[in-house]
Amino acid sequence: MGTTEQVVTPLAVAVAEAARLVGVSRSALYDLVSRGELPTARIGRRRVVLLEDLRAWLRAQREGA
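This structure is a prediction, so every number in the text was calculated from the model and none was measured.

> Sorry if this is basic, but what is going on with the nonpolar core here?
In a soluble, globular protein the nonpolar side chains are often hidden away together inside. Counting 12 residues, the largest nonpolar core is built from Val13, Val15, Ala18, Ala19, Leu29, Leu32, Val33, Leu38, Val49, Leu51, Leu54 and Trp57. Elements with a contribution of two residues or more to this core: α1 (15-22), α2 (26-34) and α3 (51-64). Every residue in contact with Leu51, bar those within four places of it in the chain, is listed here: Pro10, Leu11, Ala12, Val13 and Leu21.

This is the structure in C-alpha cells:
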C-alpha cells in the first residue's frame, strides 16, 4: 500500500511570505498594514496575514482598478 500525504494549506503567513506571494516588497506590504489597508493578526510577537484577508485585499484592488 502507498502512503497518503495530506496537503495542508496554511491559514496565515508571515508578512514577508505574504509580500512574496503578492509580488511586492516587504516594506510595501508593511506600508499597507500601517495604513490599515491590510489587516494582520499578532501571535505573540509575530505578525501574520490571514490568507483570506490577503485574497480579499487583492480582489478589492482588481475591482478598484
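> What's the story with the sheet that holds strand β3 (residues 46-50) in this structure? I'm lost.
Hydrogen bonds between backbone atoms are what pair the strands of a sheet, whose relative direction is either parallel or antiparallel. Read across the sheet, three strands follow the order β1-β3-β2 without closing on themselves; strand pairing throughout is antiparallel. Pairing within the sheet leaves two strands with one partner each, and these edge strands are β1 (12-14) and β2 (41-43). If you compare each strand with its neighbour and ignore which way they point, the axes differ by 45° on average. For β1 and β3, the ladder comprises three bridges, and the chain directions are antiparallel. Directly across from Val13, in β3, lies its bridge partner Val49. Most of the contacts of α1 go to β1, to which it runs at about 100°, and overall it touches β1 and β3. Helix-sheet contacts for α3 involve β1 and β3, and the interaxial angle to β3 is about 55°.

> Sorry, what's going on with α2 here?
Because an α-helix packs 3.6 residues into every turn, residues spaced three or four apart end up facing the same way. Within the sequence span of α2, burial applies to Leu29, Leu32 and Val33. The buried residues of α2 occupy one face: seen down the axis, they fall within an arc of 100°. The secondary structure elements touched by the buried residues of α2 are α1, β3 and α3. Where α2 ends, the next residue or the one after it, Gly36, has phi of about 80°, a positive value.

> I would appreciate a short explanation of the pattern of salt bridges in the present structure.
Close approach of charged atoms allows side chains with opposite charge to pair. Applying the stated rule across the entire model yields two salt bridges. Here Arg20 makes a salt bridge to Glu17, at a shortest N to O gap of 2.7 Å. Note that Arg20 and Glu17 are positioned in helix α1 at a spacing of three residues, about one turn of the helix. Residue classification places Glu17 among the partly exposed residues on the basis of a relative accessible area of 28%. With a shortest N-O distance of 2.8 Å, Arg35 and Glu37 are connected by a salt bridge. Accessibility expressed as a relative area gives 37% for Glu37, which makes it partly exposed.

Cut-offs and rules
- For every chain, the first residue of the written sequence is number 1, and numbering continues from 1 along that sequence.
- Only residues with pLDDT of at least 70 are given local features in this predicted model, and only at 80 or more are side-chain atom pairs given and counted; all residues enter the totals for whole chains, interfaces and linings.
- Side-chain metrics in this entry use all non-hydrogen atoms of the structure; hydrogen atoms and water are not considered.
- What makes a nonpolar core is a set of buried Ala, Val, Leu, Ile, Met, Phe, Trp, Tyr and Cys residues whose side-chain atoms join them at distances within 4.5 Å.
- Each residue gets one of three labels from its accessible area relative to the maximum for its type: buried under 20%, exposed over 50%, partly exposed in between, using a 1.4 Å probe on protein chains only.
- Runs of H or I in DSSP of at least four residues are treated as helices and runs of E of at least two as strands, each being numbered from the N terminus.
- Throughout, a contact is declared for two residues whenever any of their heavy atoms are within 4.5 Å.
- Following DSSP output, two strands are said to pair if at least two bridges run between them.
- A fitted line through C-alpha atoms serves as each axis, taken over the contacting stretch for helices, and the angle formed by two N-to-C directions is quoted from 0 to 180°.
- Regarding the arc, it is the one traced by the directions from the helix axis to the C-beta atoms.
- Just to be clear on terms, a salt bridge is a Lys or Arg side-chain nitrogen sitting within 4 Å of an Asp or Glu carboxyl oxygen.

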